[in-house]
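Chain by chain, the residues:
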Amino acid sequence: MSNNKVLIADDDLHIAELIKLYFEKDGFSTVVANNGKKAVELFKSEAPSIVILDVMMPEMDGWQVCREIRRVSNIPIIMLTAKGETFDKVLGLELGADDYMVKPFEPKELIARVKAVLRRSDNKETTAEKEIVFPNLTVNLTNYELKINGNILEIPPKELELLYFLASNPNRVFTREQLLEEVWGFDYFGDSRTVDVHIKRLREKLEGVDANWQLKTVWGVGYKFEVR
C-alpha cells in the first residue's frame, strides 16, 4: 500500500489508544484526534488514507466531521457508534460513510475492514481502465470518476462501485444479498439496508438525467440498471 496512515477520531482516550496500538502493531501509521475539530484539522494536514470516526465527540460530532470531509474528499470513512440503532447506521451511510461498527468491537475485525477498503483502493490503480458509457452518463472505475452530462460529480467510492456493477450488467436483476456479495465482498459485516441507502443516494444524483436508462426497483426481488 502506498499510503497506510489511519486517522483515528475518538474522544474515549482508552479506545483511541487501543485502536492505535493494534494498527501500529499491524504495520500502519496512525494519527489520533480526541475531538471533531481536531479530526478535521488532522485530516487536512496529515493526508490519511482512511478515517475511523466516532459519532459522539465534543466540539464537532462525527456526523459533522463526515460532512466536512465529504465536501472535499472521497476518502474511505468507517463510523464508530456505541448506540447501534438502525437510524445511526443509515444516517452515517447517507452522509457518505463507507461502513460502520458498533461498540464494543474486536480491534482485529476493525483492522480487517480497513485492509479490505484499502485493498480495493489500491486495486483501482493497478487494473486496466474500466469505464462504462451511457447517454449523458460515464462511470469510470479506474479513476473513480462519475460524469453526468459531461460534468464530474463527487461521489463516495462505494456508491460508484455499486453503480458500475449494476450498469455493467444492464437489465439484470440482483437481490440485495447478491449486491452485498459482489460490491462489498465477503469482508462486509453489515446488513441489506446498506444497499437500499446507497441506491437512494444514487437515484438522487441520477434523477432525470436521461430517459434511456434508470435505476429501477424490482419489488420483492431487488434492483437493476434498466436500459430501454
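A short note on the overall build of the chain
And step 1. Scanning the chain for helices and strands turns up 8 helices and 12 strands.
And step 2. The buried share among the 228 residues of the chain stands at 50%.
And step 3. Taking all contacts inside the chain whose residues are at least 6 apart in sequence as the whole, residues at least 24 apart take part in 57%.

Quick look at the sheet that holds strand β7 (residues 137-140)
And step 1. Taking strand neighbours across the sheet as the criterion, the 4 strands line up as β6-β7-β8-β9 in an open arrangement whose pairing is antiparallel. Strands at the two margins of the open sheet, each flanked by one partner only, are β6 (131-134) and β9 (151-153). Taken pair by pair, the neighbouring strands of this sheet meet at an average axis angle of 20 degrees, ignoring direction.

Regarding the pairing of strand β2 (residues 29-33)
And step 1. Note that strand β1 (residues 5-9) and β2 share 5 bridges and pair parallel. Looking at the pairing, Val6 lines up with Thr30 of β2.
And step 2. One crossover worth recording links β1 to the parallel β2 by way of helix α1 (residues 13-25), and it is right-handed.

Conventions used here
- Residues numbered from 1 in each chain as written.
- Predicted model: local features only at pLDDT ≥ 70, side-chain atom pairs only at ≥ 80, totals over all residues.
- Heavy atoms only, no water.
- Helix = DSSP H or I, 4+ residues; strand = E, 2+ residues; numbered from the N terminus.
- Buried < 20%, exposed > 50% of the residue type's maximum accessible area, 1.4 Å probe, protein only.
- Contact = heavy atoms within 4.5 Å.
- Pairing = 2+ DSSP bridges.
- Axes fitted to C-alpha atoms, helices over the stretch in contact; angles between N-to-C directions.
- Right-handed = clockwise from strand over helix to strand, strands pointing away.

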